[in-house]
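Observations on the model geometry
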Amino acid sequence: MARTILSNARIVLENEVIAGTLVMNEGRIEAINPGTTTTAAEAEDCDGDLLIPGLIELHTDNLERHMQPRPKVTWPHMAAILAHDAELAACGITTVFDAMRVGSVVTDRKSKYGKYARALAGELLAARGRDMLKISHFLHLRAETCSETLLEELAEFGAEDRVGILSLMDHTPGQRQFRDIEKYRDYMCGKHGLSADDFDAHVGHLTRLRSELGAAHEAGAVAAARRLGAVLASHDDTTAGHVGTSRDHGVRLAEFPTTVEAARACKAAGIAVMMGAPNLIRGGSHSGNVAAEELARLDLLDIVSSDYVPAALMGAAFLLADLWDDLPRGIATVSAAPAAAAGLDDRGRLAPGLLADVVRLRRIEGQPCLRGVWSHGRRVA
């Protein structure tokens, strides 16, 4: 792999921004040299642009969106994988944990939750093995405890699948993300076209499933995370009691806690708090839960996820940088902090010896505009 030299740049390091030159060679960062000039003839003049680490996305269902671009419209999986991969690269994301639901509901005719993760994961790993992808992909299994087939689906995954994160999901209506049952009604009836009677039957069915199978599914998912060597995450913790249970399970990452109470409890328990970039950019949660900005102002926000809008990740990092008046801290929420939470020590920062995952950009009228993206030293956007 050819050496790449980016000179005359403003390089965002862990705790400071310096003027200098960054050298990539054989997929790694070879050197970071202070100073605005270099004598290397092959150097690319960045004209004062920012260089930041490649973004790391821990939770996104963007691949599912490409698989079903319209309601009742399915798309070939490999085409969806490649489109998803290219979209993330174009947004400056160089590492992604692709979120896939495990746990189907098969006896509720109105349920939209069918099995797909095992087949999709196989296709994704095949694409990776054939060098078809631009960026690094790991698996994030979203273990839905309010389901019928969770344990059987988890059993289909092994160490070779690169499962980096397993999150404990409980979307039983009336608690956690959907404490407000009317918000859930709006979501389900609007997205899936359920009638009032269909909605009531759906809620009743899910509630019965959680009562009958939830405890066994939760225990089985925790055991599966240990077996797969995956980081265990909680989802939508709402109370200090939820967080206490998460702590006892060995959770290291809290995805989208819904209240300040839960976020404070995570902080006390040493659990990293992740919030959604769309929440931050829109100024609030679409489910009526706590605003990401409120947690940021309370020093309770560690990591940002693009969730369902890949392009939101970069924008959210700069919003936080402005809010905190600290560019390295803002960038860390989408690079160093997610890398640490996922146990990746070879990326997330710009430093000699780490992977050459690098983004070049410039802010124009406040908006971060990408000029180049490198993944493992190879230009991908």
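Further up the page is the structure itself.
Because the structure is predicted, anything quoted here is derived from the model rather than measured.

Take the packing of helix α7 (residues 240-249) against helix α8 (residues 260-269) next. Where α7 contacts α8, the axes come no closer than 8 Å and their chain directions differ by 30°. Here α7 and α8 pass one another in a crossing that is right-handed. Contacts from Ala240, Val243 and Arg247 in α7 reach Glu261, Ala262, Ala265, Cys266 and Ala269 in α8. The residue inventory of the contact of α7 with α8, partitioned by class, reads six nonpolar, no polar and two charged.

If you trace the eight strands from one edge of the open sheet to the other, you get β6-β7-β8-β9-β10-β11-β12-β13, paired in parallel fashion. Looking at the sheet topology across the chains shown, the edges are occupied by β6 (55-60) and β13 (303-305). On average, each strand axis in the sheet is tilted by 25° relative to the strand beside it, whichever way the strands run. Bridging between strand β11 (residues 253-255) and strand β12 (residues 272-276) involves three bridges; their strand directions are parallel.

Another aspect to go through is the packing of aromatic side chains. Under the defined criterion, the tally for this structure stands at one aromatic pair. When the ring centre of Phe138 is taken as origin, the NZ or CZ atom of Arg162, which lies over that ring, is 4.2 Å away.

Its 14 residues give helix α2 (residues 77-90) an end-to-end C-alpha distance of 20 Å, which sits within 8% of 20 Å, the value for a rise of 1.5 Å per residue. Those residues of α2 lying buried are Ala80, Ile81, His84, Asp85, Leu88 and Ala89. Down the axis of α2, the smallest arc covering the buried residues is 165°, so these residues share one side. Where α2 is buried, its residues contact β6, α1 (62-67), β7 (93-102), α3 (117-129), β8 (136-144) and β15 (367-375). Residue Gly92 follows α2 closely and has a positive phi angle near 85°.

With seven of nine residues buried, strand β2 (residues 17-25) is to be regarded as a mostly interior element. Hairpin remark: strand β1 (residues 4-12) followed by β2, antiparallel, with four residues in the connecting loop. In this sheet, strand β3 (residues 28-34) lies alongside β2 in antiparallel orientation, the contact comprising six bridges. By the bridge assignment for β3, Val23 is matched with Ala31. Following β2, the chain reverses through two residues before pairing antiparallel with β3; Glu26 in that reversal takes a positive phi of roughly 55°.

Take the pairing of β15 next. Taken together, the seven bridges between strand β14 (residues 358-364) and β15 define a ladder with antiparallel strand orientation. Residue pairing in the sheet places Arg363 in a bridge with Pro368 of β15. For β15 and strand β16 (residues 378-379), the ladder comprises two bridges, and the chain directions are antiparallel. Of the residues in β16, the one forming a bridge with Ser375 is Arg378. Count of turn residues in the β15/β16 antiparallel hairpin: two residues, of which His376 carries a positive phi of about 55°.

Turning next to the pattern of salt bridges. By the definition in use, this model includes 19 salt bridges. Salt-bridge contacts for Arg379 lead to Glu44; the nearest nitrogen and oxygen are separated by 3.9 Å. Taken together, the residues Arg379 in strand β16 and Glu44 in strand β4 (residues 44-45) connect sequence positions 335 residues apart. Assessed through its relative accessible area of 43%, Arg379 is described here as partly exposed. The partner of Arg362 in a salt bridge is Asp47, and the shortest N-O contact between them spans 3.5 Å. Residue Arg362 is found in strand β14, and its partner Asp47 is found in the loop between β4 and β5 (50-53); the two are separated by 315 residues along the sequence. With relative accessibility at 51%, the residue Asp47 sits in the exposed group. One connected set of salt bridges, linked through shared partners, spans Glu44, Asp47, Asp49, Arg360, Arg362, Arg371 and Arg379.

Basis of the calculations
Residues numbered from 1 in each chain as written. Predicted model: local features only at pLDDT ≥ 70, side-chain atom pairs only at ≥ 80, totals over all residues. Heavy atoms only, no water. Axes fitted to C-alpha atoms, helices over the stretch in contact; angles between N-to-C directions. Helix = DSSP H or I, 4+ residues; strand = E, 2+ residues; numbered from the N terminus. Left-handed = near helix turned anticlockwise from the far one by under 90°. Contact = heavy atoms within 4.5 Å. Nonpolar A, V, L, I, M, F, W, Y, C, P; charged D, E, K, R; others polar. Pairing = 2+ DSSP bridges. Phe/Tyr/Trp six-rings, centres within 6.5 Å; stacked < 30°, edge-to-face > 60°. Lys NZ or Arg CZ within 6 Å of the ring centre and 35° of its normal. Expected span 1.5 Å × (residues − 1). Buried < 20%, exposed > 50% of the residue type's maximum accessible area, 1.4 Å probe, protein only. Arc of directions from axis to C-beta. Salt bridge = Lys/Arg side-chain N within 4 Å of Asp/Glu carboxyl O.

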